[in-house]
Amino acid sequence: MNQIAPQPGIMDIALYQGGAAHLPGMANVVKLSSNENPFGPSPHAIAAAQAALAGMHRYPPTDHAALRAAIGAAHGLDPERIICGVGSDEIITFLCQAYAGPGDEVIHTEHGFSMYRISTLAAGATPVEVPERDRVVDVDAILSGCTDRTRLVFIANPANPTGTMLGGAELARLADGLPGRVILVLDGAYAEFVDGFDGGAGLAGTRPNVVMTRTFSKLYGLGGMRIGWGYGPAAVIDVLNRVRGPFNLSAPALAAAEAAIRDTDHAGRCRAENARLRVWLADALAAAGVPSDTSCTNFILARFASRAEAEACDAHLQSRGLIVRRVAGYGLPAALRITVGDEAACRRVAAAVAEFKAAAA
Ligand SMILES: *Cc1c(COP(=O)(O)O)cnc(C)c1O
């Protein structure tokens, strides 16, 4: 062969479909397609990032010691067992790169987050999809999907795009049931939205083969800055640090994240507003004839009778300046994922969905 070719698996990767951001020619558009914080980041995070810009001729710290200390203090975790990445997406990439290769299998679930499959293929490994049960991760399906080639299992808890989650007993049963050579990755991107949930930190702190990932992109409103982190056994964190680029996080990103995690008032207000508006929106949609599972996140998975009805409702929402997310690519063609916006946005969504249902009736 005398021509260039990428590594096996790469061309099987479907390009990531992000949430749409624009409706050409439409004013007053609300983007509810990427689970962003409608209230924005902490003003302290903006100020800290701006202050850091003046030093942009300097390389950023490579060990992220200050941010790891702040995260450790906020969550009661050992900073030595924390690694920071360019979004939690980068931690997922590190895990696949370091622990899976050609011939290895990586398990994700039926409606699981698309980055698990993308990072698995990029590492040359084989993604294995196991079923969920009524849009909830099924521990038994994961355990029976394991083979001697399985290296990693990814679940998001709470999950995206379903919004459902497993309780502590089920999580422990999963961790206990997996062979010791398999790493269980608990993606806690939405853990901050669940009162009293540690995101899996307890398991990641006590098991040799459990890792938790977290992000500043959702509750903390820093998706555009790209900051995430992982917590796990010291030996695993050591491995991940070897594949991590030395200057993966910029100085403004580090400064913003540190300020954001210290601003517990802002985070608390955003969490409380999300919880209030999430219930309000779910009830309003249900009253219009659109059911959803109880969400543990900052979005609602609205279910329709068919793919055609979901797509027609999406078109109607767009005509009203509302961008939500189609999730057919996640095996949910008859559903739409709607981020819980601010109160005005929730009212607009509820009114537009009710209008759509009334017109169809
Ligand atoms: C949004 C999201 C993330 C966060 O990704 P970042 O790279 O940190 O922005 C991770 N996992 C899931 C399931 C998500 O929905």
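Residues numbered from 1 in each chain as written. Predicted model: local features only at pLDDT ≥ 70, side-chain atom pairs only at ≥ 80, totals over all residues. Heavy atoms only, no water.

Labelled according to an unreviewed UniProt entry, the protein appears under the name Histidinol-phosphate aminotransferase, originating from Pukyongiella litopenaei. Per UniProt, the protein carries the Cofactor (unreviewed entry) text "pyridoxal 5'-phosphate". What UniProt records for the protein under Pathway (unreviewed entry) is the sentence "Amino-acid biosynthesis; L-histidine biosynthesis; L-histidine from 5-phospho-alpha-D-ribose 1-diphosphate: step 7/9." (UniProt positions renumbered as here; feature names shortened; annotations may be inferred.)

Engineer: Outline the UniProt feature "domain: Aminotransferase class I/classII large" (unreviewed entry) in the protein, supporting the account with residue identities and numerical values.
Structural biologist: Under the local residue numbering, the UniProt record ascribes the feature "domain: Aminotransferase class I/classII large" (unreviewed entry) to residues 28-352. Each end of residues 28-352 is marked by a C-alpha atom, and these two atoms are 14 Å apart; helix forms 42% of the span and strand 17%. (Helix = DSSP H or I, 4+ residues; strand = E, 2+ residues; numbered from the N terminus.)

Engineer: Help me get a handle on the sheet that holds strand S11 (residues 299-303), residues and values and all.
Structural biologist: With respect to topology, three strands assemble into an open sheet ordered S11-S14-S13, the strand pairing being antiparallel. Looking at which strands have only one partner, the edges of the open sheet turn out to be S11 and strand S13 (325-326). Relative to strand S14 (residues 335-339), S11 is paired through five bridges, and the arrangement is antiparallel. Across the sheet, residue Ala302 finds its bridge partner in S14, namely Leu336. Strand contacts of helix H11 (residues 307-319): S13 and S14, with the helix running at about 35° to S14, the strand carrying the most contacts. (Pairing = 2+ DSSP bridges. Contact = heavy atoms within 4.5 Å. Axes fitted to C-alpha atoms, helices over the stretch in contact; angles between N-to-C directions.)

Engineer: Which residues make up the site of the ligand, and what values go with them?
Structural biologist: Near the ligand lie 13 residues; those nearest to it are Ser88, Asp187, Thr215, Ser217 and Lys218. Side-chain polar atom of Asp187 to a nitrogen atom of the ligand: 2.6 Å apart, as the coordinates give it. Take Lys218: an N or O atom from its side chain is 3.2 Å from an oxygen atom of the ligand. Here the ligand, which alone exposes 390 Å², has 94% of that area covered by the protein. More than half of the atoms of the ligand fall within 2 Å of the grid points belonging to the second largest pocket. Here the element with the most residues in the shell around the ligand is helix H3 (residues 87-99); it accounts for three residues. A breakdown of the residues in the shell around the ligand according to their chemical character gives four nonpolar, five polar and four charged. (Near = heavy atom within 4 Å. Polar contact = N/O pair within 3.5 Å; in protein donor to acceptor, adjacent residues only side chain to side chain. Areas by Shrake-Rupley, 256 points an atom, 1.4 Å probe, with all protein chains shown as cover. 1 Å grid on protein atoms, 1.4 Å probe; cavity = no way out; pocket = protein on both sides within 12 Å on 5 of 7 lines; lining within 4 Å. Sits in = over half its atoms within 2 Å of the grid points. Nonpolar A, V, L, I, M, F, W, Y, C, P; charged D, E, K, R; others polar.)

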